[in-house]
Amino acid sequence: MNKYILMLGIAAVSIGSYAAMASNSATMNVTATIAHETNIRNISDINLGTITIDPSKSWGNVIEDNCAWGGIGEENGIKSISGNPCGYFTADFNTNQYLCGDVFSVTPESANWNNVHFYFGANNTDTSGRCKVTAEFSYDGRVPAQDTYNGSLTIEYNL
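Residues numbered from 1 in each chain as written. Predicted model: local features only at pLDDT ≥ 70, side-chain atom pairs only at ≥ 80, totals over all residues. Heavy atoms only, no water.

Draft legend 1. How the structure looks around the pattern of salt bridges. All told, the structure shown has 2 salt bridges when counted by the stated rule. For Lys 132, the salt bridge identified is with Glu 64, shortest N-O distance 3.0 Å. Remark: Glu 64 occurs in strand β3 (residues 59-64) and Lys 132 occurs in strand β10 (residues 130-140); sequence separation between them is 68 residues. Residue class for Lys 132 comes out buried when judged on its relative accessible area of 6%. Take Glu 64: its relative accessible area is 13%, and that puts it in the buried class. (Salt bridge = Lys/Arg side-chain N within 4 Å of Asp/Glu carboxyl O. Helix = DSSP H or I, 4+ residues; strand = E, 2+ residues; numbered from the N terminus. Buried < 20%, exposed > 50% of the residue type's maximum accessible area, 1.4 Å probe, protein only.)

In C-alpha coordinates form, the structure reads like this:
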(Lines give C-alpha, C1' and ligand atoms only; values in the text may rest on other atoms or scores of the structure.)
Protein backbone atom coordinates (compact mmCIF):
# COMPACT_ATOMS: atom_id res chain seq x y z
CA MET A 1 0.00 0.00 0.00
CA ASN A 2 2.84 2.39 0.65
CA LYS A 3 4.18 1.90 -2.90
CA TYR A 4 0.82 2.78 -4.39
CA ILE A 5 0.64 6.07 -2.52
CA LEU A 6 4.21 6.90 -3.48
CA MET A 7 3.56 6.30 -7.18
CA LEU A 8 0.45 8.47 -7.11
CA GLY A 9 2.49 11.31 -5.62
CA ILE A 10 5.10 11.10 -8.35
CA ALA A 11 2.46 11.10 -11.07
CA ALA A 12 0.85 14.20 -9.63
CA VAL A 13 4.16 16.09 -9.52
CA SER A 14 4.91 15.11 -13.10
CA ILE A 15 1.54 16.37 -14.45
CA GLY A 16 1.82 19.60 -12.46
CA SER A 17 5.25 20.37 -13.93
CA TYR A 18 4.02 19.82 -17.47
CA ALA A 19 1.05 22.16 -16.99
CA ALA A 20 3.32 24.90 -15.61
CA MET A 21 5.65 24.65 -18.62
CA ALA A 22 2.73 24.98 -21.09
CA SER A 23 1.78 28.45 -19.75
CA ASN A 24 5.27 29.97 -19.89
CA SER A 25 4.56 31.81 -23.16
CA ALA A 26 1.81 34.21 -24.15
CA THR A 27 0.92 36.65 -26.92
CA MET A 28 0.23 40.28 -26.14
CA ASN A 29 -1.39 42.68 -28.63
CA VAL A 30 -0.27 46.30 -28.68
CA THR A 31 -2.26 49.14 -30.23
CA ALA A 32 -1.37 52.81 -30.34
CA THR A 33 -2.94 55.88 -31.88
CA ILE A 34 -0.97 58.97 -32.75
CA ALA A 35 -2.97 62.13 -32.16
CA HIS A 36 -2.00 65.69 -32.97
CA GLU A 37 -2.83 68.48 -30.56
CA THR A 38 -4.08 71.22 -32.87
CA ASN A 39 -5.57 73.56 -30.28
CA ILE A 40 -8.17 75.32 -32.46
CA ARG A 41 -8.74 78.78 -31.01
CA ASN A 42 -9.45 82.44 -31.84
CA ILE A 43 -12.62 81.54 -33.71
CA SER A 44 -14.54 84.36 -35.39
CA ASP A 45 -18.03 83.64 -36.72
CA ILE A 46 -19.33 84.20 -40.23
CA ASN A 47 -22.05 86.84 -40.24
CA LEU A 48 -23.53 87.24 -43.69
CA GLY A 49 -25.80 90.05 -42.52
CA THR A 50 -28.76 90.88 -44.76
CA ILE A 51 -28.95 89.42 -48.25
CA THR A 52 -31.14 91.65 -50.43
CA ILE A 53 -32.59 90.04 -53.55
CA ASP A 54 -34.63 91.23 -56.49
CA PRO A 55 -37.84 89.13 -56.33
CA SER A 56 -38.33 89.49 -60.09
CA LYS A 57 -35.23 87.32 -60.68
CA SER A 58 -35.50 83.53 -60.32
CA TRP A 59 -31.78 82.97 -59.72
CA GLY A 60 -28.83 84.56 -57.95
CA ASN A 61 -25.40 83.69 -56.67
CA VAL A 62 -22.39 85.27 -55.04
CA ILE A 63 -18.93 83.86 -54.43
CA GLU A 64 -16.30 84.59 -51.83
CA ASP A 65 -13.47 86.57 -53.43
CA ASN A 66 -10.57 87.34 -51.07
CA CYS A 67 -12.98 87.68 -48.15
CA ALA A 68 -15.33 89.95 -50.09
CA TRP A 69 -18.43 89.20 -52.14
CA GLY A 70 -17.91 88.68 -55.86
CA GLY A 71 -20.31 88.11 -58.73
CA ILE A 72 -23.01 90.64 -57.87
CA GLY A 73 -24.12 92.13 -61.17
CA GLU A 74 -27.05 93.46 -63.18
CA GLU A 75 -28.38 90.06 -64.26
CA ASN A 76 -27.98 88.58 -60.79
CA GLY A 77 -31.01 88.45 -58.47
CA ILE A 78 -28.78 89.24 -55.47
CA LYS A 79 -28.49 93.00 -55.14
CA SER A 80 -26.40 93.30 -51.99
CA ILE A 81 -25.11 91.52 -48.90
CA SER A 82 -24.31 93.59 -45.84
CA GLY A 83 -22.13 91.01 -44.09
CA ASN A 84 -18.87 89.17 -44.61
CA PRO A 85 -18.35 85.75 -46.26
CA CYS A 86 -15.41 84.77 -43.99
CA GLY A 87 -14.67 83.58 -40.51
CA TYR A 88 -11.26 82.75 -39.05
CA PHE A 89 -9.59 80.42 -36.59
CA THR A 90 -6.01 79.66 -35.62
CA ALA A 91 -4.50 76.26 -35.00
CA ASP A 92 -1.14 74.60 -34.39
CA PHE A 93 -0.04 72.64 -37.46
CA ASN A 94 2.90 72.59 -39.88
CA THR A 95 2.22 75.68 -41.99
CA ASN A 96 5.42 75.09 -43.99
CA GLN A 97 4.06 71.79 -45.28
CA TYR A 98 0.24 72.09 -45.31
CA LEU A 99 -2.52 74.55 -46.12
CA CYS A 100 -5.66 74.83 -44.02
CA GLY A 101 -7.73 73.11 -46.70
CA ASP A 102 -5.35 70.13 -46.55
CA VAL A 103 -5.71 69.49 -42.83
CA PHE A 104 -9.13 70.88 -41.83
CA SER A 105 -12.64 70.12 -43.02
CA VAL A 106 -15.84 72.02 -42.38
CA THR A 107 -19.06 70.14 -41.73
CA PRO A 108 -21.53 70.56 -43.26
CA GLU A 109 -19.92 71.48 -46.57
CA SER A 110 -23.28 72.77 -47.75
CA ALA A 111 -26.70 73.60 -46.39
CA ASN A 112 -30.01 73.90 -48.22
CA TRP A 113 -32.63 76.14 -46.69
CA ASN A 114 -35.64 78.04 -48.03
CA ASN A 115 -34.52 77.42 -51.67
CA VAL A 116 -31.12 78.85 -50.73
CA HIS A 117 -27.86 76.92 -51.05
CA PHE A 118 -24.88 77.72 -48.82
CA TYR A 119 -21.41 76.27 -49.52
CA PHE A 120 -18.67 76.27 -46.86
CA GLY A 121 -14.98 75.45 -46.91
CA ALA A 122 -11.67 75.91 -45.10
CA ASN A 123 -8.80 77.43 -47.04
CA ASN A 124 -5.76 79.69 -46.96
CA THR A 125 -3.19 80.02 -44.25
CA ASP A 126 -0.44 82.35 -43.21
CA THR A 127 2.71 81.68 -41.20
CA SER A 128 0.88 82.03 -37.88
CA GLY A 129 -1.52 79.12 -38.57
CA ARG A 130 -4.51 81.37 -39.27
CA CYS A 131 -7.19 79.65 -41.37
CA LYS A 132 -10.14 81.12 -43.23
CA VAL A 133 -13.60 79.53 -43.44
CA THR A 134 -15.63 80.82 -46.37
CA ALA A 135 -19.29 80.88 -47.35
CA GLU A 136 -20.87 81.15 -50.79
CA PHE A 137 -24.55 81.57 -51.58
CA SER A 138 -26.95 80.80 -54.44
CA TYR A 139 -30.59 80.22 -55.33
CA ASP A 140 -32.29 79.20 -58.55
CA GLY A 141 -35.71 78.37 -59.89
CA ARG A 142 -37.67 79.89 -57.03
CA VAL A 143 -37.29 83.13 -55.10
CA PRO A 144 -36.53 82.49 -51.40
CA ALA A 145 -39.06 83.70 -48.84
CA GLN A 146 -37.99 86.34 -46.35
CA ASP A 147 -36.57 84.53 -43.34
CA THR A 148 -33.50 84.32 -41.09
CA TYR A 149 -30.99 81.47 -41.29
CA ASN A 150 -28.97 80.38 -38.26
CA GLY A 151 -26.55 77.51 -38.50
CA SER A 152 -23.26 76.22 -37.14
CA LEU A 153 -20.17 74.60 -38.61
CA THR A 154 -17.85 71.99 -37.13
CA ILE A 155 -14.15 72.33 -37.90
CA GLU A 156 -12.21 69.06 -37.79
CA TYR A 157 -8.51 68.28 -38.05
CA ASN A 158 -8.00 65.46 -40.58
CA LEU A 159 -4.30 64.49 -40.49
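Don't stop here, the text continues.
Draft legend 2. Just the state of the cysteines, in detail. This structure, assessed with the given rule, holds 2 disulfides. The disulfide partner of Cys 67 is Cys 86, and the S-S distance across this bridge is 2.2 Å. Separated by 19 residues along the polypeptide, Cys 67 in the loop between β3 and β4 (69-70) and Cys 86 in strand β6 (residues 86-90) bring together distant segments of the chain. With relative accessibility at 19%, the residue Cys 67 sits in the buried group. By relative accessible area, which is 6% here, Cys 86 ends up buried. Here Cys 100 engages in a disulfide with Cys 131; their sulfurs sit 1.9 Å apart. A torsion of -80° about the S-S bond marks the disulfide between Cys 100 and Cys 131 as left-handed. On the criterion of sequence distance, the pair formed by Cys 100 in helix α2 (residues 100-103) and Cys 131 in strand β10 is long-range, its members being 31 residues apart. (Disulfide = S-S within 2.5 Å.)

Draft legend 3. Inspection of unusual backbone geometry at higher detail. Cis geometry marks the peptide bond from Thr 107 to Pro 108, where omega comes out at 0°. With respect to the helices and strands, the residue Pro 108 is situated in the loop between β7 (104-107) and β8 (110-113). The phi torsion at Asn 66 lies on the positive side, around 55°, for a residue other than glycine. Structurally, Asn 66 is set in the loop between β3 and β4. Of note in the backbone geometry, Asn 115 takes a positive phi value of approximately 65° without being a glycine. Within the secondary structure, Asn 115 is located in the loop between β8 and β9 (116-125).

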